[in-house]
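# Geometric and topological summary
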Amino acid sequence: NTGIRVMIPLDEKIDPELVSALKDAEPVMTEHCSVKELQAFMQTVIKKRRKPFHRQGLTIFDDTVDSDDDFPSVKIRIYSPDYSDNLPVLIWMGGGGFICGDVYVADKFCGEMALSANCIVVSVDYRLAPKHPYPAALDDCYKVLSWLLTGPAKLKVDISRLAVGGMSAGACLAAALSLRARDNGLNVICYQMLVIPVLDDRHKTPSSFSIVDARVWNRNISLKAWRAYLADVKDNVPTYASPAR
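Read on for a plain summary of the structure.

Here is what the cut-offs are and how they apply
Residues numbered from 1 in each chain as written. Predicted model: local features only at pLDDT ≥ 70, side-chain atom pairs only at ≥ 80, totals over all residues. Heavy atoms only, no water. Axes fitted to C-alpha atoms, helices over the stretch in contact; angles between N-to-C directions. Helix = DSSP H or I, 4+ residues; strand = E, 2+ residues; numbered from the N terminus. Parallel < 35°, antiparallel > 145°, perpendicular 65-115°, else oblique. Left-handed = near helix turned anticlockwise from the far one by under 90°. Contact = heavy atoms within 4.5 Å. Polar contact = N/O pair within 3.5 Å; in protein donor to acceptor, adjacent residues only side chain to side chain. Pairing = 2+ DSSP bridges. Salt bridge = Lys/Arg side-chain N within 4 Å of Asp/Glu carboxyl O. Buried < 20%, exposed > 50% of the residue type's maximum accessible area, 1.4 Å probe, protein only.

This next bit is on the packing of helix 4 (residues 136-149) against helix 5 (residues 169-183). In a pair of packed helices, the angle between the axes and the distance between the axes together describe the arrangement. The N-to-C vectors of helix 4 and helix 5 enclose an angle of 60 degrees; their axes lie 10 Å apart at closest approach. The orientation of helix 4 relative to helix 5 falls into the category oblique. The two elements helix 4 and helix 5 meet at a crossing, and its hand is right-handed. For the pair helix 4 and helix 5, contact is made by Ala137, Leu138, Asp139, Cys141, Tyr142 and Leu145 and by Leu173, Ala176, Leu177, Arg180 and Ala181, respectively.

Spelled out as structure tokens, the structure:
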């Protein structure tokens, strides 16, 4: 029943160990906080949590997919296991609610995945709302996919084993990228990994109403972030923006 309004305090719903970790947490935002204020706060938190990641047997380097007439250049971060050629490749989109985050936040996650799965991970530093609303982020991801299909000399990958994945808002982009590639006749994606995916802008599920604690990403923040992401959508929300549709 999408009309259910459940307002159970967060502390009653989660593991006691996590409750203790939240006791000293400050609210993520106030009720009347603007998206730009929220973005600035979240980016500050993210930078504080950022830690350099190094692991033997793994090369990490930054690169750029050059601009063309349609899209600007896209920054990428590549994680490549040493001494291996013709590896599978994963295009990764990090999280951040469409409004914050960067490729460095996912350093440890992407690096460990490259080693454990013996694949090359290409993490996309896509553009963020509200400055760059939909479809800017998706365009960036699609450009990286198209670039990989040209067989860049610097990456010796097996395109027949190409996967996409993402976390949170990044999972939305991964799902949207899969749909767009399919619709454009690029039947190249063999696997899709969606971690805590953000797929629906409508906010009608019970869980959407129940998470209201100001110390975590909640309904109020989610609504603001989605509105920023869909700022240029005037009529019906396209499925590439909200894949649950």
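From this point, things continue past the structure.
Here we take up the side chain of Asp63. Here Asp63 lies in strand 1 (residues 58-65). Here the side chain of Asp63 touches Lys154 through a polar contact of 2.7 Å, side chain to side chain. What Asp63 contacts, discounting residues up to four positions off in sequence, is Val74, Lys75, Ile76, Ile78 and Lys154.

For the rest of this paragraph, the subject is the sheet that holds strand 4 (residues 120-125). The mixed open sheet is built from six strands, whose spatial order is 1-2-4-3-5-6. Each end of this open sheet is capped by a strand with a single partner; those strands are strand 1 and strand 6 (189-195). Along the sheet, successive strands turn relative to each other by an average axial angle of 20 degrees, direction set aside. Note that strand 1 and strand 2 (residues 74-81) share eight bridges and pair antiparallel. Looking at strand 2, one finds that Asp63 is bridged to Ile76.

To continue, consider the pattern of salt bridges. Scanning the model with the defined rule gives 13 salt bridges in all. Two residues, Arg55 and Glu112, come together in a salt bridge whose shortest N-O distance is 3.4 Å. On the criterion of sequence distance, the pair formed by Arg55 in the loop between helix 2 (35-49) and strand 1 and Glu112 in helix 3 (residues 107-117) is long-range, its members being 57 residues apart. The salt bridge involving Asp139 is made with Arg180; its shortest N-O contact spans 2.8 Å. Of this pair, Asp139 sits in helix 4 while Arg180 is found in helix 5, placing the two residues 41 residues apart along the sequence. Look at Asp139 and you get buried, because its relative accessible area is 13%. Given the relative accessible area of 14%, Arg180 is considered buried. Each member of the salt-bridge network shares a partner with another, and the members are Arg55, Lys108 and Glu112.

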